[in-house]
Amino acid sequence: MKRQTLRAYAFILPVMLLAIVFVYMPFIQSVVSSFFTVRMDSSLAGFAGMENYRKLFENEIFHQSLSNTFFFMVLFVPLNIILIMAAVLLTERKSRSGSIFETVFMLPMAVGMSSAALIFKYMFRPSVGIINSILNVDIPWTDNAFAAMFSVVMLGVFLDFGLDYILLLSAMRNLDRSVLEAAQIDGAGKFRLFASMKLPLISPTLFFVLFISIKDALLICAPVMVMTEGGPFRSTQTIVYYYYIEAFKNSNYSAAFAISTVVFVIATVITVISFRIDRRVHYEN
Amino acid sequence: MRTERHPAGMLLCVIFASVILFPFLYAALASFFSASEFAVIPAKLLPENWDFRNYLKIASNRYFPSYIVNSIITGILSASIRMILAILASYAFSYFRFPGRNLCFAFVILTLFIPSDLLLAGNYFTIQKLGLIDTYAGIIATSLLPASQIIMLRQYFLSIPSCIRDSARMDGAGDFCYIIRILVPVSRAILSTFLLQSFVAMFNSYLWPLLVTNRPDMRTIQIGITMLGYAESLNYGPVFAAITVILIPFVIAFILMRKRIMSALSRGYMFM
């Protein structure tokens, strides 16, 4: 019996160590360090109290990065959900041509983030870019703040499309057919069937997709880095990208750890709120 | 039930599909452009000459081959280590009773709620102190914890009737014998999806490999393509050739494994 227990601990030891070394340790380090002045080699120089946070909240760039991130979120989340929902409704019923479209719709999963970001970067070039020439317009994608943000949003939707599409499509297809057929026999039209039956029934999955979309929007960094480098004039610089710049470009770790702690707090608030709502969504079913 | 779709729905499907396919198509076409063809107004879609000079340029690039090799090696290492760790941990979490089991399980699962991109600085210092900068171990280190896979695999193991394990034990099978002879073959479908998912995640990761590699010959491909050095001369052709080269095997793999990926995702959607 004792030997069994030892063996069990041995089996979970590697994952426990990895969790400690690469998640909990750096997490605690960054939260604790955010209250200290941090030297270039990450050692602590002295207790700073709320000083790092005070500096951060007075910092114009911090405010701008945070508001850029929420602006991205406001554009990205609804657009993402609407487009994916539309794609799911279009391919929900299995048909001869359906499997081709299914494959195409999940294909963005196969592309690496930086490949996609590079492709989008060149497609969205002003004047000589293919997007402008196809739409026959001359949108200054890299010089206009809103246009640049919109091009990053398009990239974000493209990157998340495949996974979200599969999640929602399989939720839709796993619905209990007999319930839907009963509603149909009772005379429910197509729209009624969707609004009063399917939508509530898939709401747990829809809610999950919404949650990851919000989280992805809050944490977006690398696609921005490759596509716009935060430009023009920091108008697409998101909060995690700002963290990256402070840590690895400016070696200003005091600021970096304070930023990461702020984002941890925001992420935790979002998670807690969504768990509360999630429980309600599940109960209603 | 297979039915023909409504013409309007069909049209919308085609529009959606074209928009999604367009970046793929454009990358493939642009890989045949010459330097000057990128500066034409209005931008063109079809190349003048269908020759492979951009692909030849990539093939003769000093570092491109090592980018590819590094990505494949780190992808295989990360995927296989993750799978082994996931099997061991899920086995212990589903078949053993031991003090602190639920606590340990929660400890592992809670890591999913800490955004890894915000741990970059702390993890960078750890890797630096361990002297693992510019090593494969450093590149894969932060990817090795398979938390979401443990959730799914534990659930899967629990669904296997316990009488199978009991009778295997009666026949004298130890833990490893049971894992290799019974668990792995039974969960082959889910494990192959895990391997693909882990490999793709490692192969496509960007920020972490960018941080822990300084030597050009240690870079992975997703970083390499942003640093090929042709962009300065405004010749994007070779970059698109590189993108196309790495895209093709993934597109094929996803098309072949489409059904498996879909069923794995519908069973448990914890791909966070």
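Residues numbered from 1 in each chain as written. Chains lettered and ligands numbered in written order. Predicted model: local features only at pLDDT ≥ 70, side-chain atom pairs only at ≥ 80, totals over all residues. Heavy atoms only, no water.

(A) Spotlight on the pairing of strand 2 (residues 44–47) of chain A. All names here are of chain A. Strand direction decides the pairing type here: strand 1 (residues 36–38) and strand 2, joined by 3 bridges, are antiparallel. In the strand pairing of strand 2, Thr37 is matched with Gly46. Linking strand 1 to strand 2, which pair antiparallel, is a turn of 5 residues; within it Ser42 sits at a positive phi near 75 degrees. (Pairing = 2+ DSSP bridges. Helix = DSSP H or I, 4+ residues; strand = E, 2+ residues; numbered from the N terminus.)

(B) Structural detail: the interface of chain A and chain B. Taken together, the contacts link 94 residues of chain A with 94 residues of chain B. When the two sides are added together, the surface that chain A and chain B hide from each other amounts to roughly 8,500 Å², 77% of it contributed by carbon and sulfur. When the area that chain A buries against chain B is broken down by residue, the three leading residues are Phe11, Phe22 and Tyr122 of chain A, summing to 9%. Scanning the region where chain A abuts chain B turns up 2 salt bridges. Asp175 of chain B is paired through a salt bridge with Arg7 of chain A; the nearest N and O atoms lie 2.7 Å apart. Here chain A and chain B share 10 residue pairs in polar contact (both at pLDDT 80 or more) between them. Ranked by residue count, the leading element in the side of chain A that touches chain B is helix 1 (residues 2–33) of chain A, at 20 residues. Of the residues assigned to the side of chain A that touches chain B, the class counts are 64 nonpolar, 21 polar and 9 charged. (Contact = heavy atoms within 4.5 Å. Buried area = accessible area lost by both parts, 1.4 Å probe. Salt bridge = Lys/Arg side-chain N within 4 Å of Asp/Glu carboxyl O. Polar contact = N/O pair within 3.5 Å; in protein donor to acceptor, adjacent residues only side chain to side chain. Nonpolar A, V, L, I, M, F, W, Y, C, P; charged D, E, K, R; others polar.)

(C) Highlighting empty space enclosed by the protein. With the rule as written, the count across this model stands at 2 cavities of 30 Å³ or more. In this structure, the second largest cavity spans a volume of roughly 30 Å³. What lines the second largest cavity is Ala110, Val111, Gly112 and Ser115 of chain A together with Phe203, Asn204, Gln222, Ile246, Leu247 and Phe250 of chain B. Residue assignment for the lining of the second largest cavity shows that the elements contributing at least two residues are helix 10 (188–204) and helix 13 (237–256) of chain B. The element that contributes the greatest number of residues to the lining of the second largest cavity is helix 13 of chain B, accounting for 3 residues. Here the residues of the lining of the second largest cavity sort into 6 nonpolar, 4 polar and no charged. (1 Å grid on protein atoms, 1.4 Å probe; cavity = no way out; pocket = protein on both sides within 12 Å on 5 of 7 lines; lining within 4 Å. Points joined across faces, edges and corners; volume = space filled by probe spheres on them.)

(D) The confidence of the model for chain B, seen in detail. Per-chain confidence: chain B averages 87 in pLDDT, with 94% of residues scoring 70 or above. Ranking the elements of chain B by mean pLDDT puts helix 14 (residues 258–267) of chain B last with 75 and helix 6 (residues 136–141) of chain B first with 96. (pLDDT = per-residue confidence, 0-100.)

(E) Molecular detail of the environment of Ser205 of chain B. The topology assignment puts Ser205 of chain B in the loop between helix 10 and helix 11 (207–212). In terms of polar contacts, Ser205 of chain B uses its side chain to reach the backbone carbonyl oxygen of Met202 of chain B, at 3.0 Å.

(F) Focus on the packing of helix 1 of chain A against helix 5 (residues 120–129) of chain B. Contact geometry of helix 1 of chain A with helix 5 of chain B gives a least axis separation of 8 Å together with a crossing angle of 115 degrees. The chirality of how helix 1 of chain A crosses helix 5 of chain B is right-handed. Counting all contacts with helix 1 of chain A, which are made through Val21, Phe22, Pro26 and Gln29 of chain A, the residues of helix 5 of chain B involved are Gly122, Asn123, Phe125, Thr126 and Ile127 of chain B. Residues that form the contact of helix 1 of chain A with helix 5 of chain B fall into these classes: 5 nonpolar, 4 polar and no charged. (Axes fitted to C-alpha atoms, helices over the stretch in contact; angles between N-to-C directions. Left-handed = near helix turned anticlockwise from the far one by under 90°.)

(G) How the structure looks around helix 9 (residues 190–219) of chain A. Between the first and last C-alpha of helix 9 of chain A there are merely 38 Å, a value that for 30 residues lags more than 12% behind the 44 Å anticipated at 1.5 Å per step. The sharpest bend along helix 9 of chain A reaches about 60 degrees and sits at Ser203 of chain A, with the proline Pro204 of chain A one to four residues further on. (Expected span 1.5 Å × (residues − 1). Bend = angle between axes of the 7 residues up to and from the residue.)

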